[in-house]
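# Structural characterization, general
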Amino acid sequence: MKTLEHTEAWQRLWASREAIATQSINGLFAEDADRFEDFSLTAGGMLLDYSKQPLSRQTRERLLELARARDVIGQRDAMLAGEPINASEGRAVLHTALRVPEGETGWAGADIARAVEDTRSRMAELAEAIRTGRRTGATGQPIEHVINIGIGGSDLGPRLVLEALAPLADGPAVHFVANVDGVELQQAMAHCDPERTLVLVVSKSFGTVETMANAHEAMAWLRRRVPADNVLERQVMAVTASLDRVRELGLDPELALPMWDWVGGRYSLWSAVGFAIVLGIGPEAFESLLAGAHAMDRHFAEAPLESNMPVMLGLVSVLNGTLLGRRSQAVVPYTERLGRLSAYLQQLVMESNGKSVDRSGHPVTFSTAAAIWGQTGTPGQHAFFQALHQGTDVVPVDFIGVARPVAGERGDPLELTANLFAQSQALMQGRGDADMAAERRCPGNRPSNTILLEALTPSSLGALIALYEHRTFVEAALWGITAFDQFGVELGKVLAADLKPLIAGGQALDGVDGSTAGLIARYRDWRG
Ligand SMILES: O=P(O)(O)OC[C@H]1O[C@](O)(CO)[C@@H](O)[C@@H]1O
């Protein structure tokens, strides 16, 4: 297949780059009374409005031509069928198989469906035994707290989901520990009665230094504070794809929940990595989360390109980032419940697509993943929105709103929603009376998408996360890169291991670069 920049579709887009960049979005609305209907899509309990993008019908047709030229459909089908599309690691990519409903085989075949179903039932049974108090801690106390120890994909997904769905929490309180600085672990331990606490060690590799260090610490705490020989057996559980390494931590692999090498860490909340979710909100709510994601999978698998939400979102993102050079994207959910979303998407998008070689190992000649950042509205409006409205860089925004507030939650939904819609309107319309002082003018013509959820439920949350997963896939398919490895993260880990003895000991720093040697020397000095 030709590379992106050699496809005619891309060359046509490139030739009209200037015109697209200066395309008046207001003008597009003036010309077309049906623009909103034509440039919005509904799926999975969500509306995507992408009418405030610099897309004429012709530009959209060219983007769709690009999707066809890059065989996004063929690449999607290869992923769903379990082909080893993570070529650099020789692995299939099957997070979609984790959400196939019980009793169905799904796209990836019966063996995978069976393995997934077995693990899902085991998770549900175990969670119910813990939630109802049938399975207790080592001294017979019910489990009231869970400490989830994991980092990256073994932390962010379950954390996002449990924060978003906190009103549904009816199980043990879940505390998340990712950083190795000790702060989160200490806070968690301070909140938990050790006899009533389950420690979940979640790590696909079971070799991540931060997770293993925190696990050792938490286990030592349990051993110190719980007067029972079998405390680790009763109160520590592992979730991992590396069952053979579980024993090294002194745990029984038989008691571990499995995951598989065909699930990437940042795509794993749907697997046993989400066990904390099942404990916190129950198996039924977890099933609804999976069902929502599956509905989005079906939509991605079946909807024609032009009405396919992840495809349109991916095309718009590539238009802004790669064609128009808009190197960052803000994500602004108008609910504190989704306050973790931008951190989650940072890993999903930037660890997946922060790549500079294509699948043949050749350097790409265009920009790949844009930086993702954001905060909730309205607080973000009082922080960085000034730059969105009047800064020199154009930052495309994804606004996320929720139509129906969660039952029992206070707050002013009208105020919130008015602000959400006003911000996207202001970015597009700008303000620029000729007699207005320059500092007061807003240039406008700044693009945004709005994703409106009918309600924030397990199902719509599942669909929202799956939407961004597939958007990330579509971008990678267009660029021709592998979205499922993360070799860039390795180097720092190797160097940290090399530096540890140098920092700790007093030996000479020969061979260490000047800056790092200077930092180590000052650190040793101040540390005393
Ligand atoms: O689940 P593990 O193996 O501990 O890895 C944690 C995270 O570390 C990474 O490998 C690199 O940051 C992520 O991809 C992964 O989610």
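All residue numbers here refer to positions counted from 1 along the written sequence of the relevant chain. It should be noted that, the model being predicted, local features are given only for residues of pLDDT at least 70 and side-chain atom pairs only at 80 or more, the latter also being counted only at that level, while totals for whole chains, interfaces and linings use all residues. Here the side-chain values reflect all heavy atoms present in the structure, with hydrogen atoms and water set aside.

As a further point, take the nonpolar core. Buried Ala, Val, Leu, Ile, Met, Phe, Trp, Tyr and Cys residues that are joined via side-chain atoms within 4.5 Å together make up what is termed a nonpolar core. Buried residues are those whose accessible area, probed at 1.4 Å on protein chains only, stays under 20% of the maximum for their type, while exposed residues exceed 50% and partly exposed ones sit between those limits. Leu200, Trp262, Phe275, Leu338, Ile451 and Leu461 are the most contacted members of the largest nonpolar core, which has 110 residues in total. Looking at this core, the element that brings in the most residues is helix H19 (residues 458–479), giving 13 residues. The contact criterion used throughout is that any non-hydrogen atoms of two residues lie within 4.5 Å. When sequence neighbours within four positions are dropped, the list of residues in contact with Phe275 reads Met123, Leu126, Ala127, Leu200, Met237 and Leu257. Secondary structure counts use DSSP, requiring at least four H or I residues in a row for a helix and at least two E residues in a row for a strand, with both numbered from the N terminus.

Moving on, we come to helix H15 (residues 309–323). One less than the number of residues in a helix, times 1.5 Å, gives the span that helix is expected to have. For H15, spanning 15 residues, the distance from its first C-alpha to its last is 20 Å, which sits close to the expected 21 Å at 1.5 Å a residue. Looking one or two places after H15, you find Gly325, whose phi comes out positive at around 70°.

UniProt positions are given in the numbering used here, feature names are shortened, and annotations may be inferred rather than shown by experiment. Sites flagged by UniProt as "active site" (unreviewed entry) map to Glu351, His382 and Lys493. Spatial dispersion of the annotated residues is evident: they stretch over 143 residues in sequence, and the largest pairwise C-alpha distance comes to 37.0 Å. Topologically, Glu351 is positioned in helix H16 (residues 341–353). On the accessibility criterion, Glu351 (22% relative accessible area) is partly exposed. Once you skip the residues sitting within four places of it in the chain, Glu351 turns out to touch Arg266, Gln346, Asp485, Gln486 and Val489. Definition of a polar contact: a pair of N or O atoms within 3.5 Å, with one able to donate and the other able to accept a hydrogen when the atoms are protein atoms, and with sequence-neighbouring residues admitted only if both atoms are side-chain atoms. Engagement of the side chain of Glu351 in a polar contact is seen with the side chain of Arg266, the distance being 2.8 Å. Structurally, the position occupied by His382 is in the loop between strand S9 (371–373) and helix H17 (385–390).

Before going further, it helps to spend a moment on the site of the ligand. Residues are labelled near a given molecule or strand when at least one of their non-hydrogen atoms is within 4 Å of it. Every one of the 15 residues lining the ligand counts as a neighbour, but Ser154, Ser203, Ser205, Thr208 and Glu351 are closest to it. Between an oxygen atom of the ligand and a side-chain N or O atom of Thr208, the distance comes to 2.5 Å. Relative to its unbound accessible surface of 400 Å², the ligand loses 87% to contact with the protein. Looking at the shell around the ligand, the elements that each hand over two or more residues are H16 and helix H20 (488–504). Residue polarity is assigned by list, with Asp, Glu, Lys and Arg as charged and Ala, Val, Leu, Ile, Met, Phe, Trp, Tyr, Cys and Pro as nonpolar; anything else, Gly included, falls into the polar class. Per-class residue counts for the shell around the ligand are two nonpolar, nine polar and four charged. The accessible surface values rely on the Shrake-Rupley method and a 1.4 Å probe; as for residues, cover is taken only from the protein chains in view.

This brings us to the environment of Asn308. Relative to the helices and strands, Asn308 is located in the loop between helix H14 (283–302) and H15. Since its relative accessible area comes to 0%, Asn308 is described here as buried. Taking the C-alpha atoms as reference points, Asn308 and Glu351, 43 residues apart in sequence, are found 24 Å from one another. With sequence-adjacent residues up to four places away left out, Asn308 is seen in contact with Leu41, Arg76, His299, Phe300 and Ala303.

What follows deals with the pattern of salt bridges. Definition used for salt bridges: Asp or Glu carboxyl oxygen within 4 Å of a side-chain nitrogen of Lys or Arg. Scanning the entire structure with this criterion turns up 25 salt bridges. Lys355 serves as the salt-bridge partner of Asp485, at 2.8 Å between the closest nitrogen and oxygen. Of this pair, Asp485 sits in the loop between H19 and H20 while Lys355 sits in the loop between H16 and S9; the two residues are 130 residues apart in sequence, bridging distant segments of the chain. Since its relative accessible area comes to 8%, Asp485 is described here as buried. Note that Glu454 and Arg404 form a salt bridge whose closest N and O atoms lie 2.7 Å from each other.

A word on the sheet that holds strand S3 (residues 145–149). Pairing between strands is defined by DSSP: at least two bridges between the two strands are required. A sheet is described by the order of its strands in space; here five strands give the open sequence S4-S3-S5-S6-S7, paired in parallel fashion. Two strands in the sheet have a free side with no partner beyond their single neighbour: strand S4 (173–177) and strand S7 (257–258). Summarising the sheet, S3 and S4 pair through five bridges and their orientation is parallel. Bridging across to S4, Asn148 finds its partner in Phe176. Across the face of the sheet, helix H9 (residues 183–191) comes into contact with S3 and S4 while running at roughly 160° to S4. Helix axes use the C-alpha atoms of the stretch in contact, all axes being lines fitted to C-alpha atoms, and the angles between their N-to-C directions lie in the range 0 to 180 degrees. Helix H10 (residues 209–225) contacts S3, S4, strand S5 (197–202) and strand S6 (236–240) of the sheet and is inclined by roughly 160° relative to S5.

With that out of the way, let us pick up the pairing of S6. Counting buried positions along S6 yields five of five residues, so the element is predominantly enclosed. Going residue by residue along S6, you find Val236, Ala238 and Thr240 tucked away on one face and Met237 and Val239 tucked away on the opposite face as well.

A few words now on the sheet that holds strand S8 (residues 328–333). The six strands are arranged S1-S2-S11-S10-S8-S9 in an open sheet whose pairing can be described as mixed. The strands lining the two open edges of the sheet, one partner per strand, are strand S1 (40–43) and S9. Taking the axes of each pair of neighbouring strands and ignoring which way they run, one obtains an average angle of 15° across the sheet. For S8 and strand S10 (residues 397–404), the ladder comprises four bridges, and the chain directions are parallel. When the bridges of S10 are listed, Val332 appears paired with Phe399. Along the sheet, helix H18 (residues 413–429) makes contact with S10 and strand S11 (448–455), crossing S10 at roughly 150°.

Turning next to the confidence of the model for the protein. Detailed conclusions should not be drawn from predicted coordinates in areas where pLDDT is low. Confidence scores per residue from the predictor, reported as pLDDT, run from 0 to 100. Confidence in the prediction for the protein averages 96 pLDDT; 100% of positions are at 70 or higher. Confidence estimates for the predicted assembly give a pTM of 0.97 and an ipTM of 0.98.

The next point concerns the side chain of Gln423. Within the element layout of this structure, Gln423 appears in helix H18. What makes Gln423 buried here is its relative accessible area of 12%. Those residues in contact with Gln423 that sit more than four places away from it in its chain are Tyr334, Gln381, Phe385, His389 and Phe399.

In terms of burial, S5 is a largely internal element, six of the six residues being buried. The side-chain alternation of S5 yields two buried faces, one formed by Thr197, Val199 and Val201 and the other by Leu198, Leu200 and Val202. Here S3 runs beside S5; their pairing, made up of five bridges, is parallel. Residue pairing for S5: Asn148 is matched across the bridge by Leu200. The pairing of S5 with S6 spans four bridges and is parallel. Of the residues in S6, the one forming a bridge with Val201 is Ala238.

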